[in-house]
Amino acid sequence: MNELADRALESGHQNSVLVEEQIQDLLTTLPDWELNCVEGIHRIERVYPFDDFVTALAFSNRVAALAEEHDHHPALLLEWGRVTASWWTHSLGGVHLNDLIMAARTERLYQNPSHS
């Protein structure tokens, strides 16, 4: 599994966004994720497919619990049969290492539904 998921989140005093090259390099460990720019702000995103709405909702709730545990929250778009997860650090206006760590943890939740 992705070693990013096991890294500790950085504390507040290490707050700087990553440049596009750094993000792309780290995304090689998260192949289903992509870097997008929305209204001039970089974010990393992935669409997770599901067989139905209820399963997609359960996954969204598990991601929400993870986010609450770490006080770091994504944008989640819940639709029938899919969830789009988007991570970026709102206060910094871009992607921080913590966003990639949380994306890796989101990936782990999807790959292993019994892991919390």
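Residues numbered from 1 in each chain as written. Predicted model: local features only at pLDDT ≥ 70, side-chain atom pairs only at ≥ 80, totals over all residues. Heavy atoms only, no water.

Q: Could you give an account of the sheet that holds strand β4 (residues 82-87), naming the residues involved and the relevant values?
A: In spatial order, the strands read β1-β2-β4-β3; together these 4 strands make up an open sheet with antiparallel pairing. Only two strands of the sheet have a single partner each, and these edge strands are β1 (34-38) and β3 (75-79). Recorded for the sheet is a direction-independent mean angle of 30 degrees between the axes of neighbouring strands. As paired elements, β3 and β4 share 5 bridges and run antiparallel to each other. What sits directly across from Glu79, in β4, is Arg82. Strands in contact with helix α1 (residues 20-27) are β1 and β2 (41-49); relative to β1, the strand with the most contacts, it is inclined by about 145 degrees. Taken strand by strand, helix α3 (residues 97-111) contacts β2 and β4, and its axis lies near 0 degrees from that of β2. (Pairing = 2+ DSSP bridges. Helix = DSSP H or I, 4+ residues; strand = E, 2+ residues; numbered from the N terminus. Axes fitted to C-alpha atoms, helices over the stretch in contact; angles between N-to-C directions. Contact = heavy atoms within 4.5 Å.)

Q: Before we move on, could you go through the pairing of β1 and cite the residues and values that matter?
A: Bridge analysis of β1 against β2 gives 5 bridges, and the strand direction is antiparallel. By the bridge assignment for β2, Val38 is matched with Ile41.

Q: Describe the packing of helix α2 (residues 53-70) against α3, with residues and values.
A: Two elements in contact, α2 and α3, have axes whose closest approach is 10 Å; the angle formed by their N-to-C orientations is 145 degrees. Crossing hand, α2 versus α3: right-handed. For the pair formed by α2 and α3, the contact residues are Phe59, Arg62, Val63, Leu66, Ala67 and His70 on the first element and Met102, Arg105, Thr106, Leu109 and Tyr110 on the second. Residue composition of the contact of α2 with α3, grouped by class: 7 nonpolar, 2 polar and 2 charged. (Left-handed = near helix turned anticlockwise from the far one by under 90°. Nonpolar A, V, L, I, M, F, W, Y, C, P; charged D, E, K, R; others polar.)

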